[in-house]
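Now for the letters of each chain:
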Amino acid sequence: MDSYSFQPSFTERISISLFKFVNKYTPWHKLPPILGAFNLAILRVELQAKNLYDTYVTGAAYGDGSEEPLPEQRFQNARNSDGKFNSLELPRMGCAGMRFGRNFPRQHTQKPTDRELWTPNPRLVSERFMTRKPKGFIPATSLNLLAAAWIQFQIHDWVFHESVSCLSRSLLYALLAKKILDGSLYLGNLIIES
Amino acid sequence: MTLPRSKPDEVLDSPDIKCPAYKNTNTSWWDGSQIYGSSEAATQILRTTQPDGKLLLTERGREAFIPRDSDGNPVTGFKDNWWIGMEMLHTMFALEHNAICDKLREKYPSWTG
């Protein structure tokens, strides 16, 4: 079985091109409501086709709905908490414990080396962005803390990467804020990994 | 400071060596798993044993709170990185769930939870 990939139908492909043309002049939210809704639906199809990359080499990982009977009839219409059978054709798609997909082809998402991982150092990035400038507090005028809460809440619905359970295999990172701040410590930070 | 490290999934095929994939312990569906949990067992714990199917809330007079375990951590579908913003949204959604349960119970008394 080949990798699972979504192929838009002929009509969907035509609609994608059509709305692409329309959107050059008018964005979806300025179209009449019904048309705008169609525009959104087609944008979704396009994103699914061009912006989602499966992380399983074969689609077999998702199972085959025609071979797997529903364990309980209620899962035909009701939510199974682990996400199984949300897709009746591919029962394990999106289930808890399945691999998370990507938005880029996998050959472009190689695992970074430790050196790459720490460059730039997260502490440096944080200090540069978060340190109060002499001008004082700069308010964010376009959103408030509720936006942060809402986004975090939605992400908690969506993904949490499995982490190494053992603390000693996590990254122990010494707080060397002072050195990082004066710029002397961009690379090769103290990483203790046991 | 300790940063948890994502655990690469076992190598199933050659691309997994250079470009590891990572398992998602949540359901990837936007299905309310942060409220209801990502397993049937978790959902069972969160929903009261009453037949009305309501979510467990600690009620004090007119106030209702997300319940706490013996360590004081919230008992909900997904509780990591908790702060007041999460407390607010989880409480609001649990209250909304329970309010909908009441409406359904009123209209369809024969339904099970």
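Residues numbered from 1 in each chain as written. Chains lettered and ligands numbered in written order. Predicted model: local features only at pLDDT ≥ 70, side-chain atom pairs only at ≥ 80, totals over all residues.

### Considering the overall build of chain B
How we decide: Put simply, DSSP marks the helices as runs of H or I at least four residues long and the strands as runs of E at least two long, and each gets a number from the N terminus on. Every radius of gyration here is taken over C-alpha atoms, with the globule rule written as 2.2 Å times N^0.38, N being the number of residues. Exposure is read from a count of other C-beta atoms within 10 Å of each residue's own; the residue is exposed at 12 or fewer, buried at 20 or more and partly exposed in between. C-beta atoms are placed from the backbone.
A tally of regular secondary structure across chain B gives four helices and three strands. Reading chain B from its N end, one meets helices and strands in the order β-α-α-α-β-β-α. Here chain B has a C-alpha radius of gyration of 18 Å; the compact-globule value for 113 residues is 13 Å, and the former is much larger. Projected onto its principal axes, the C-alpha positions of chain B cover 55 × 35 × 20 Å. For chain B, buried positions account for 18% of its 113 residues.

### Comments concerning the interface of chain B and chain A
The criterion, for reference: Here contacts are defined at the residue level, using C-beta atoms placed from the backbone and a cut-off of 7 Å between them.
Taken together, the contacts link 41 residues of chain B with 42 residues of chain A. For the side of chain B that touches chain A, the secondary structure elements donating two or more residues are strand E1 (2-3), helix H1 (15-18), helix H2 (33-36), helix H3 (40-46) and helix H4 (84-107) of chain B. Considering each element in turn, the side of chain B that touches chain A owes the most residues, four residues, to H4 of chain B.

### A look at helix H1 (residues 10-25) of chain A
For the record, the criterion: Expected helix span is taken as 1.5 Å per residue step, with the number of steps being one fewer than the number of residues.
Between its first and last C-alpha atoms H1 of chain A spans 24 Å; for 16 residues at 1.5 Å apiece the expected length is 22 Å, and the two agree. Judged by how many residues are buried, H1 of chain A sits mostly at the surface: one of 16 residues are covered.

### Quick word on the confidence of the model for chain A
Residue and element names in this part refer to chain A. Under the convention used in this document: Known as pLDDT, the predictor's confidence for each residue is given on a scale from 0 to 100.
Confidence in the prediction for chain A averages 83 pLDDT; 83% of positions are at 70 or higher. In this model, residues 174-178 is a region of pLDDT below 50 whose contacts with residues beyond four sequence positions or in other chains number seven contacts. Every residue in residues 180-194 is under pLDDT 50, and counting partners more than four places away or in other chains gives 28 contacts.

### Some remarks on the environment of Ser 6 of chain B
Among the structural elements, Ser 6 of chain B can be located in the loop between E1 and H1. Given 14 C-beta atoms within 10 Å, Ser 6 of chain B falls into the partly exposed group. When the C-alpha atoms of Ser 6 of chain B and Tyr 22 of chain B are compared, they prove to be 7.2 Å apart, with 16 residues separating the residues in sequence. Sequence-distant contacts of Ser 6 of chain B, that is, excluding residues within four places in its chain, are made with His 161, Glu 162 and Ser 163 of chain A together with Tyr 22 of chain B.

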